[in-house]
Amino acid sequence: MKLLLVEDDAPLAAEIAKALRAENFALDHAANGEDAQHLGETETYDAVVLDLGLPKRDGLSVLQAWRAAGRTMPVLILTARDGWSDKVAGFKAGADDFLVKPFRVEELVIRLRALVRRATAHGASRVTCGPLSYESGLGTFERDGLPLKLTGLEWRVLSCLILHKDGVMPRGQLIERVYDGDADVDSNSVEVIITRLRRKIAPARIEGVRGHGYRLLPGDPA
Amino acid sequence: MTPPGRLRAVAGPADRPDPPEKPVPAKPVGFLHLGSLQRRLLLAALALVTAALLVAGLAIGLVLHRFVRAQLDSRLDSQLVALAASLQRGPGERLRLDRALDGPPFDRPRSGWYWQVRQGQDTLRSESLEGRDLRLPGPARPPRERDPDRPEPGDGTGPWDESLILRIRVLPPEGGGPPAHLVASAPAQALNGPLREAGLALAAILGILGLCLVAGTVAQVRLGLRPLERLRRDVAEVRAGRRHRIPAKQPAEIRPLVGEVNALLDQNAANLERARTHVANLAHGLKTPLATLTLALSDRTRDPDGGLADLVGAMDRQVRHHLRRARAAALGGGTRTRTELAGPLADLRTTFGRLYAEKRLAIDLDLPAGLAVACDPQDVDEMLGNLIDNACQWSRGRVRVTAAATEAGVAVTVADDGPGLDAEAAARAVRPGGRLDESVPGHGFGLSITRELAELYGGGLHLARSDLGGLGVRLLLPA
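Residues numbered from 1 in each chain as written. Chains lettered and ligands numbered in written order. Predicted model: local features only at pLDDT ≥ 70, side-chain atom pairs only at ≥ 80, totals over all residues.

Turning our eyes to something else, we now look at the overall build of chain B. For chain B, the helix and strand inventory stands at eight helices and 14 strands. Scored against the burial criterion, the 479 residues of chain B give a buried share of 28%. Excluding contacts between residues fewer than 6 apart, the proportion of contacts in chain B whose partners are at least 24 apart in sequence is 66%. (Helix = DSSP H or I, 4+ residues; strand = E, 2+ residues; numbered from the N terminus. Buried ≥ 20, exposed ≤ 12 C-beta atoms within 10 Å, placed from the backbone. Contact = placed C-beta atoms within 7 Å.)

Encoded structure:
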């Protein structure tokens, strides 16, 4: 899962980034409104953490610009403005959730996972695919009821596939959602991760769709 | 039944804001009210009218006096002319008239209508004198050189002590004899009587005129000052929040004043906006480092026993509490606007639908169309947001917001189906500085801040059990 973090305060942004990466999220960071708007319009993100008081362009107008451009990714507003009028204005501009500074990192993470899950049309907090299940509240995977140990990259790939289990996940999108924006991506490395995952999740399996992408399937091919 | 920490309220000293100023009832602008414009204008008008009427009365009286006197004089003068013409005073002859001249009114004894001719020792007189002499005032003056035929005026007293008006003519000596003194008189009553009558009529007419003028002035002053009364009502409407500014359509004399007042209102609004921005900036400035600290301390190696995190939490609560207080003070002091409830409530339902998306709450709204309160829209958001937030936190699935007009204003009830609150806990929840739930961070303070805001507007907050089973909070706001 990949997030866009929009926060102009460098120490806070560093702390949030550290905390989110520790929870296996891939992350891009924008420190002003213009960069944020550009990234949000051109890249694919599973969710956005948006500060409102930004240099160059206010957070609310960035959000409105995204929505006007048809970008529908879930947006969590993270702001010091805690009046209900501010929150109402945020939701009217198209926000999906609102968190007031200061906050606990656990709350941010839980809310982000829930946002991503709901955005992929999964109502319940637990998403299952055959023997595999993903608990979005905790961000953990189980296979046949037993915890599954995954590396950060494996978690990113598998969470992406299980949340989009009803369709094929294009390869390009998968790569975008797994690596940080500034990471040096080796096109083969996704293949390597998929191969490792296939061993861990059997009998569920990841089907490669030639020239297109990947799909998570519940069990043995018929 | 009530778990500890059912509700959260404000930590911190109980520094309640000052209650809002009560509107001053309009004082009637009484006629005798000291320092009133009406009184000043009316007194000035009264003084001017009285002075003008006095001067006019005196002038008219003088003219009348001269007119009546001239009439009398000309009558007496004709008598003198007749006397001079019929006077026979040849040398060595006794003085005599060649015809009788005692026509009315000179024939009525003691009437004051007399004549008399004296030359040396000879005297002729009218019958009305009954043989007595008419005393002349002082020594007879020599005839005027300019016009010896013109009689001179004079005042005198008759033989019976009656006041007389005299005309005196001196005929130059003729044939070596002494000059002849001709006198004709009329009673002073003949002058004063008509003058008194005319004076009474004149006084009556001038009095009526004066009354009309004063009445006209009163009407004029009332009419002229009416825009002031209208202005007072406009200002009262601004204060009550039914208007933002005073209408600019005013008499030219008041327009500059209204312009100034409107500029003042605009400046007030700008100051309020600035204060809010300031508070928001302060909030941002303080909370971002606090957020950084919170995240940094979530690393257990930096804060092994959680003591530092507790300190940061305490700082955060203090900052929030005082920022909210500052906001409430800035909001409550301003002018009031009319805010319809339907829009804010619909927005808040959307907001809470997303904030509590995981709980999948049903939030029902039930209010009549067009229901409005006399509160600032941001305050309405704050109060209702706090109440609905509190209800959503404790609800098991349903939150209901109902609003209705009451005789005292508008009552908004926010009910939930949560665990509810016993009486003692309810009292603690709304007490300033009281806080039920110390363990949950985030938007707290809701009930007591809402109560403070409501009381700033002259409303109130009451807790009860709701018919959904949980807490029912009833918020009273002015309509």
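This part covers the sheet that holds strand β11 (residues 398-406) of chain B. Two modes of strand pairing occur in sheets, parallel and antiparallel, and in both the strands are linked by backbone hydrogen bonds. All names here are of chain B. Read across the open sheet, the five strands follow the order β9-β11-β12-β14-β13; overall the sheet is mixed. Edge strands, defined here as strands with exactly one partner in the open sheet, are β9 (362-366) and β13 (460-465). When the angles between neighbouring strand axes are averaged without regard to direction, this sheet yields 15 degrees. Along the sheet, helix α5 (residues 342-355) makes contact with β9 and β11, crossing β9 at roughly 175 degrees. Of the strands in this sheet, β13 and β14 (471-477) touch helix α8 (residues 446-456), which is tilted by about 135 degrees from β13. (Pairing = 2+ DSSP bridges. Axes fitted to C-alpha atoms, helices over the stretch in contact; angles between N-to-C directions.)

This part covers the interface of chain B and chain A. Contacts between the two partners involve 28 residues from chain B, matched on the other side by 28 residues from chain A. Within the residue set of the side of chain B that touches chain A, elements represented by two or more residues are α3 (255-297), α5 and α6 (377-394) of chain B. Looking at the side of chain B that touches chain A element by element, the count peaks at 11 residues for α3(B). Across the side of chain B that touches chain A, the residue classes break down as 10 nonpolar, 11 polar and seven charged. (Nonpolar A, V, L, I, M, F, W, Y, C, P; charged D, E, K, R; others polar.)

A:L3, A:L5, A:V6, A:V48, A:L50, A:L76 and B:I388 are the most contacted members of the largest nonpolar core, which has 110 residues in total. Composition of this core by domain shows at least three residues from each of domain 2 (255-332) and domain 3 (339-477) of chain B. Residues within four places of A:L3 in sequence aside, it is in contact with A:L20, A:F25, A:L27, A:Y45, A:D46, A:A47, A:V48, A:V49 and A:L112. With 21 residues, the next largest nonpolar core counts B:L72, B:L80, B:L83 and B:I165 among its residues. (Core = buried A, V, L, I, M, F, W, Y, C linked by C-beta atoms within 7 Å. Domains from an automatic or database assignment.)

The subject of this paragraph is the sheet that holds strand β11 (residues 205-209) of chain A. All names here are of chain A. Pairing is antiparallel in the open sheet, where three strands are placed in the order β10-β12-β11. Since the sheet does not close on itself, it has two edges, and those belong to β10 (169-170) and β11, each with one partner. The pairing of β11 with strand β12 (residues 213-217) spans five bridges and is antiparallel. Looking across to β12, one finds that G208 is bridged to Y214.

Contact geometry for helix α4 (residues 84-92) of chain A and α5(B): axes closest at 9 Å, N-to-C directions at 80 degrees. Here α4(A) lies roughly perpendicular to α5(B), going by the angle between them. For the pair formed by α4(A) and α5(B), the contact residues are A:W84, A:K87, A:V88, A:F91 and A:K92 on the first element and B:D347, B:L348, B:T350, B:T351 and B:R354 on the second. Along the lines of polarity and charge, the residues of the contact of α4(A) with α5(B) split into four nonpolar, two polar and four charged. (Parallel < 35°, antiparallel > 145°, perpendicular 65-115°, else oblique.)

A separate point is unusual backbone geometry. The step from A:K101 to A:P102 runs through a cis peptide bond, and the omega angle for that step is -10 degrees. Note on placement: A:P102 falls in the loop between β5 (97-100) and α5 (105-119). A cis amide bond, omega 5 degrees, links B:P104 with the succeeding residue B:P105. By the element assignment, B:P105 lies in the loop between β2 (96-97) and β3 (114-119).

Residue and element names in this part refer to chain B. Scored by pLDDT, chain B has a mean of 80; 83% of the residues are at 70 or more. Low pLDDT, under 50, characterises residues 1-21; the stretch is placed with 66 contacts to residues that sit more than four places away or in other chains. Note that pLDDT drops below 50 for residues 434-444; the model gives that stretch 30 contacts with residues more than four away or on any other chain. Interface scoring of the predicted complex returns ipTM 0.74; its pTM is 0.59. (pLDDT = per-residue confidence, 0-100.)

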